[in-house]
Amino acid sequence: EGEDQIGFVSPGGYTHEHYIKVVSTTLKPLRSKPVHAYEYTINSNAFESETGVPQIIISFDLSPLKVVVVEESKPWIEGIVSMCAILGGVFSASIIFEGVLSSAILTVAKKLD
């Protein structure tokens, strides 16, 4: 009997709540025209109704904010400087670690003697 139905059947007295939020979005790539689009999120809940009467609640929210995603390129020299900073940080951390480790080994060696 239930095979001919489309959708779903819920017990009587349930409230189905659907919330849709829409945000305007603009994507600005480096070498092409901007793309205007809409992003949305959907949330659905079902719970037993307080009144015992089945309900459906649909909330539609248009966000007043706009998301703008801009693609930017950086000069290649910034990449080299960042790489040098990372390597310098790793080198400094390894020197500090080696100093702490050698001091700990010397302290343990003195206590054993």
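Residues numbered from 1 in each chain as written. Predicted model: local features only at pLDDT ≥ 70, side-chain atom pairs only at ≥ 80, totals over all residues. Heavy atoms only, no water.

Asker: It is not clear to me how the overall build of the chain should be interpreted in this structure. Could you clarify?
Answerer: A count of helical and extended segments in the chain gives one helix and three strands. Starting at the N terminus and walking to the C terminus, you meet the elements of the chain as β-β-β-α. Against the compact-globule benchmark of 13 Å for 113 residues, the chain has a radius of gyration of 31 Å, which places it well outside the compact range. By its C-alpha atoms, the chain is 85 × 55 × 30 Å across when sized along the principal axes. For the chain, the proportion of its 113 residues judged to be buried stands at 8%. (Helix = DSSP H or I, 4+ residues; strand = E, 2+ residues; numbered from the N terminus. Rg over C-alpha atoms; globule rule 2.2 N^0.38 Å. Buried < 20%, exposed > 50% of the residue type's maximum accessible area, 1.4 Å probe, protein only.)

Asker: So what exactly am I meant to see when it comes to the pattern of salt bridges here?
Answerer: A side chain of one charge can pair with a side chain of the opposite charge if their charged atoms are brought near each other. The full count for this structure, using the stated rule, is one salt bridge. The salt bridge partner of Asp61 is Lys21, with a shortest N-O separation of 3.9 Å. Remark: Lys21 occurs in strand S1 (residues 14-28) and Asp61 occurs in strand S3 (residues 55-70); sequence separation between them is 40 residues. Owing to a relative accessible area of 30%, Lys21 belongs among the partly exposed residues under this scheme. (Salt bridge = Lys/Arg side-chain N within 4 Å of Asp/Glu carboxyl O.)

Asker: How do you make sense of the sheet that holds S3 when you look at a structure like this?
Answerer: Where strands meet in a sheet, backbone hydrogen bonds hold them as pairs that are either parallel or antiparallel. Here we have three strands laid out as an open sheet, ordered S2-S1-S3, and mixed in their pairing. Strands with a single pairing partner mark the edges of an open sheet, and in this sheet they are strand S2 (35-48) and S3. Strand-to-strand, the axes of this sheet are offset by a mean angle of 15 degrees, without reference to chain direction. As defined by bridge partners, S1 adjoins S2 across 14 bridges and the pair is classed as antiparallel. Residue pairing across strands places Tyr19 opposite Asn43, the latter belonging to S2. (Pairing = 2+ DSSP bridges. Axes fitted to C-alpha atoms, helices over the stretch in contact; angles between N-to-C directions.)

These results come straight from atomic positions and should not be treated as a statement about function.
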